[in-house]
Every structure is written in structure tokens, then in C-alpha cells.
Amino acid sequence: MITPSASASASGSASTASAADVPAGAAPGALPSTLGLGMSRSMLELRAFFRERDSMVFTFAFPVIMLFIFGSAFGSGEIAPGVTFTQYFAAGMIASGVVLSSFQSLAIGIAIERDDGTLKRLRGTPMPAAAYFLGKIGLVLISSVVQTVILLVVGTALFGLDLPDTVDLWTRFAWIFLLGSTAGTVLGIAYSSVPRSARSAGAVVSPVVIVLQFISGIFFVLDQLPGWMVNLGSVFPLRWLAQGMRSVFLPAEFEQAEVGGSWMLGQTAAVLAGWSVIGLLLCLWTFRWARRGDR
Amino acid sequence: MSTAIRVRGLVKTYLTVRAVDGIDLDVDEGEVFALLGPNGAGKTTSVEILEGYRRRDAGEVQVLGQDPQSAGRHWRSRIGIVLQTSNENHQLTVAELVHHVAGYYPAPRDPDAVIESVGLTAKRTARMSTLSGGQRRRLDVALGIVGGPRLLFLDEPTTGFDPQARRSFWDLIETLRADGTTILLTTHYLDEAEHLADRVAVVSAGRLLAVDTPERLGGPQAQVPRVRWLEPDGTTREEHTPTPTAVVARLGERFAGEIPGLEVLRPSLEEVYLSMIATADGDRATSGRQHQPHATVEVAR
């Protein structure tokens, strides 16, 4: 009744212990490649993500709703010559969107998968850990791009955001986006170990993002915040991600209005890259497949 | 016949509790082996050590010739695991999940045939979140066998099944056995162990009380049949005897014909099991629960 598929011709050799010594990619019956499995995981993750309608709609809609609220409340009030708060806020929301699609969605999503046994089941299969993480990276990349496109469309159509018109600015956007997504992804994976259960995941993760938005100059213009708060916010990636997005989407003259009078792109790159490395190390040290105490 | 699982002196301690306290075990290739024991006896801990999920504190473990603690992807591709519980709630369909997981393995079974074999063909396109408890469990089994494992771990696979689903699950296990799959099963259903297992082991308080075929478990004393009949005054009489035929013959002479209410009963696996657990609990109570001298567990072979 259960018939081996065509590729099962190699299963005979798998019955001997020595099959374990066969190098990957050599003999028939070799294990599927990590990259291929990573692609397969990405497709599966995306399919599951887009089918979880309510969660998907809220994930994508939240920054847009914030944009509408702040845009309507503060309207055309200028914070610098030729720059409205709405424009400023729209650039910050694009940065927030990256954080939501990477850090928040992974920290909550993986905490749930750890709690409900998804990770444990995967651990019992020959799927390599790297393929799992590649799948998550694929999910973050696609969902952040969708998120950003939505915000760009809404921002340019309704809130006076200008799309950059030079290759230089798009290149800058690309590296800031990628570096920000990378930091958010590894930090999200690392932070997923903090919630003790799926039930607490939302409550443990969301406040981090909300507080960061307040102290990173998203909801308020950075120079309106007390100095200590700016310094505190400057420790974390979101401030730099937001500033980087402003350097892309706001008029070049706004650079003088930034804290420090500069876009500080060097620091942005350094901080985002630094957090990516820290996050990666935290993942390697702390990632667990099983629930806390289940070992 | 080679050995699929070899365990010597396995110990696992949680803080001060010895969840597994010196277990020896041999499971042959192609065998269906059942681990029985009350909740908290150490069954799942033992099985999860064999599956590579938990680290042991002492002892030797070889599963398909390798130490699960250090075995890699090749080893994992030759085992299949059906865990005790999962609360996964994906929006993915049965077919998507089974096909996807098949892709992890070098020589998987045909996913559609596997879905058919667990009786989920009608639910191929149903999302996991819409499945009933029993259907969910059958999907667990499908995901556990789709890789074409040489060795399959089943931790309480039929909990929550209705009798019909359990019967068809048993048929599936028979099919796997016929393919030469080694199966290590834990279950609370003694009839399941009796029906499926070539040998059963009884675990209590982290120790192995006995290992034998279901028919011989507990030794000859535990298997002594009873002859039951009705006396002319209507009272039920019962006699434990190793020679039931002789007793029946004697009664036949006495009643000169049909013996009223005659039954010859062999103890069910459940009765043997329950008396073993009760005896073990009693022994522990009398010797004081603390560290009793390490009783050597005889593994009947």
C-alpha cells in the first residue's frame, strides 16, 4: 500500500550504518541540499503567512493606520522648511515596517512555533537548522518588501512623500533596507527565546517595538526628545534605520535639521551591522528547539 | 538479526528525581516493541533520549548504530518520529505538509500513498487547522513515516482515536512491519500492545520491570489460567491452575455432562501489567522510597 517513490532505489544502502558516512551530494540517496530546502521552507512560510489572513492584514495595515492617524492629526505642520511632520513620520513608518516584519513577526512567530511543537517536530527530521533560518529570511524579505511597497504607495499618494530619483538614493535605500532587515531578523530570532509561552509572546514582544518607536524619533521628531532619550534610542537599530530612511525620502536640505546636523550614514551602517553580528551570536548561543525546561 | 536499538545503564536525572534509573534495552531490526508503564514512569524521557531530543546523564545508547546525541542528518533521515502531542495549527493543507516534509529525505515514500495509507485522502486539501483530533494524529503519523524510516518511534500514537480509527491504525502498523520497519511504541492501551507488539517492556519509576512477548510477560506464574464455573447452588467458583484441561475433565465427570457457566480464562496483558505495577509500587513503599539498592534488571531475551 505504501510504495516507495522513484527515488527510493537508494533506500537499500540506507539500511546499513555505513550510509551515515556517505558525504552529502555524492551517492544516490544523498540528502537534499540546504539551499534547496531553504527555498522550500521559504515557500511554505510565505504560503502559511499569506493564508493567516487576520494576522497578515493587521501586520500590513498597522503602519498604514498609524500613518493615517498621524497624518490627519498633524497634517501639513512644517517641522523644517519644506518638510511636514507627515513626511517625516512616513519615512519613520517605513523603518518601523521593516522592524515589524522582521523583528516583531519573527520573535512572536518563532515563540509560537517553539511552544506548539513545530520546532520540535522539525528537529526530529533531517532538515538542517540553516534551512529553517533561510526560510525565515525568505519570509522576512518578501513580507518587508510588500510592507514597504504598501507604505511607499500610501505615503507618496496621500502624504507628500517623494520617491528618490537618483540611482545613488535607491542604492542607499537598498543597503539600509537590507541591513535593517538583517538586524531585525537575527534579533527577532534571538528575542523569540524570551517569551515563556505562545500565550505571552505578543505581550512580551510588542511593547519593545512600541517603546523603541517612541525613543527612536518615529512618533516625535528626534530633536524634541530629551538628550538622554536620544542617547538611549541611539543604542538600538530603529533610530538609525529611521534616519537612514529619512535620508532617502526627505529633501536633502533636511539633513541640517537632524540631530548632529548630518544623516550620519556611516554610524547607521556601523550600528546596523553591529546589531546584526550581536544578534547572530545571540541566536547561535541561545536558540532552542524545545520549550523551556523541556530537555 | 541485527540490533536497531541497544541501551545499557541509561540514566536521566531531573534535579533530584531519577526519571530514568538504569534501563537496559535491546530492540531487534524489524521488531515491533512496546514500552508500557504508568504516567511519569520515564517512557517518554527514555524515548526522547533515543530520538536525540534529550541528553542522558549516564549509560550507553546506540540507535541504528549511532549515538543519538551526536548523530547527524543521515541518521535522522533513517528514523521517523511521532511525538506525543503537538498543538500546531497551520493554515497549510494535509497534502502540502506531507509533500513538503517528504522533501527533507533522500528516499521518501510517495506522499500521496502515505496520505492514503493513514486514511486522509478525503482530507488532502483540508487545512491542518480544520482537522479533528484523530485526523490530526493521523497526519502526525503520515509526517513520521513519509521519509521511509528504518526505525519509527510512536509515542502514544492512538490516544483519542475512536475504535475504528484505532483498528485502521493497527492495520497501518502491520503494513509497516511487513515492509521491515522497526517500531518502538509507547502506549497506555494494553490491547494495542498485545495486538501489535512482538515484545513488550514494562517500565515503572524509571526502571524496567520486565521484557517479554505479550504472551509470556510476567513469567509462568502470572500466566496461570483460571477455570470458572457455576455450582448447582448458583455460586461462582474459580480455580487457578496450570492444568486447566485436567480441571475441566474432572468437573465434566462431576457434573456428568455440561459444566454450568464454564469459562477458561487466561490473564489478559492488562491484568498481568497491573499486577506487576502494583507489586513494584508495593516493593518501593516497603523499602522506603529513597535510594534503594540498585536492583539489576534482567532483560529477558
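Here the structure is a predicted model, which means the values were calculated and not measured. (Residues numbered from 1 in each chain as written. Chains lettered and ligands numbered in written order. Predicted model: local features only at pLDDT ≥ 70, side-chain atom pairs only at ≥ 80, totals over all residues. Heavy atoms only, no water.)

**Some thoughts on the environment of T158 of chain B**
All names here are of chain B.
Thinking step 1. Take T158: it is sitting in the loop between β6 (151-155) and α6 (163-178).
Thinking step 2. Overall, the relative accessible area of 0% leaves T158 in the buried class.
Thinking step 3. Taking the C-alpha atoms as reference points, T158 and P260, 102 residues apart in sequence, are found 39 Å from one another.
Thinking step 4. Excluding residues that lie within four positions of it along the chain, T158 makes contacts with R166, F169, Y189 and E192.
Thinking step 5. Polar side-chain contacts of T158 include one of 2.6 Å to the side chain of E192. (Helix = DSSP H or I, 4+ residues; strand = E, 2+ residues; numbered from the N terminus. Buried < 20%, exposed > 50% of the residue type's maximum accessible area, 1.4 Å probe, protein only. Contact = heavy atoms within 4.5 Å. Polar contact = N/O pair within 3.5 Å; in protein donor to acceptor, adjacent residues only side chain to side chain.)

**Notes on a negative patch on the surface**
All names here are of chain B.
Thinking step 1. Together, D191, E194, E215 and E270 make up a region of like negative charge exposed at the surface.
Thinking step 2. Considering the arrangement of structural elements, one finds E194 in helix α7 (residues 190-196).
Thinking step 3. E194 sits in the partly exposed class, given a relative accessible area of 37%. (Patch = residues over 30% accessible without salt bridge, like charges linked within 9 Å, V, L, I, M, F, W, Y side chains within 5 Å. Areas by Shrake-Rupley, 256 points an atom, 1.4 Å probe, with all protein chains shown as cover. Salt bridge = Lys/Arg side-chain N within 4 Å of Asp/Glu carboxyl O. Lys, Arg positive; Asp, Glu negative; His and termini not counted. Charge placed at Lys NZ, Arg CZ, Asp CG, Glu CD.)

**Some thoughts on the packing of aromatic side chains**
Thinking step 1. Taken as a whole and assessed by the stated rule, the structure comprises 27 aromatic pairs over all chains.
Thinking step 2. Pairing F68 of chain A with F159 of chain A gives two aromatic rings, centres 5.5 Å apart and planes at 80°, and the pair type is edge-to-face. With a gap of 91 residues between them, F68 of chain A in helix α2 (residues 53-74) and F159 of chain A in the loop between α5 (129-158) and α6 (167-191) connect regions that are remote in the sequence.
Thinking step 3. Assessed through its relative accessible area of 11%, F159 of chain A is described here as buried.
Thinking step 4. Seen in terms of ring centroids, Y132 of chain A and F287 of chain A are 6.4 Å apart; in terms of plane orientation they differ by 45°. Their pairing is tilted. You can see Y132 of chain A sitting in helix α5 and its partner F287 of chain A sitting in the segment after α10 (265-286), a full 155 residues away along the chain. F287 of chain A shares its class with Y132 of chain A; the two are buried.
Thinking step 5. One Lys or Arg, R239 of chain A, reaches over the ring of W240 of chain A and ends 4.2 Å from the middle of that ring.
Thinking step 6. Over the ring of Y189 of chain B we find R166 of chain B, and its NZ or CZ is 3.8 Å from the ring centre. (Phe/Tyr/Trp six-rings, centres within 6.5 Å; stacked < 30°, edge-to-face > 60°. Lys NZ or Arg CZ within 6 Å of the ring centre and 35° of its normal.)

**A word on the confidence of the model for chain B**
All names here are of chain B.
Thinking step 1. Overall, the prediction assigns chain B a mean pLDDT of 89, with 95% of residues at 70 or greater.
Thinking step 2. Summarising per-element confidence for chain B, the mean pLDDT is lowest in helix α8 (residues 219-222) (78) and highest in helix α3 (residues 94-102) (97).
Thinking step 3. A low-confidence stretch, residues 289-301 stays under pLDDT 50, and its non-local contacts, those more than four residues away or across chains, total 21 contacts.
Thinking step 4. Per the prediction output, this complex has pTM 0.84; the corresponding ipTM is 0.83. (pLDDT = per-residue confidence, 0-100.)

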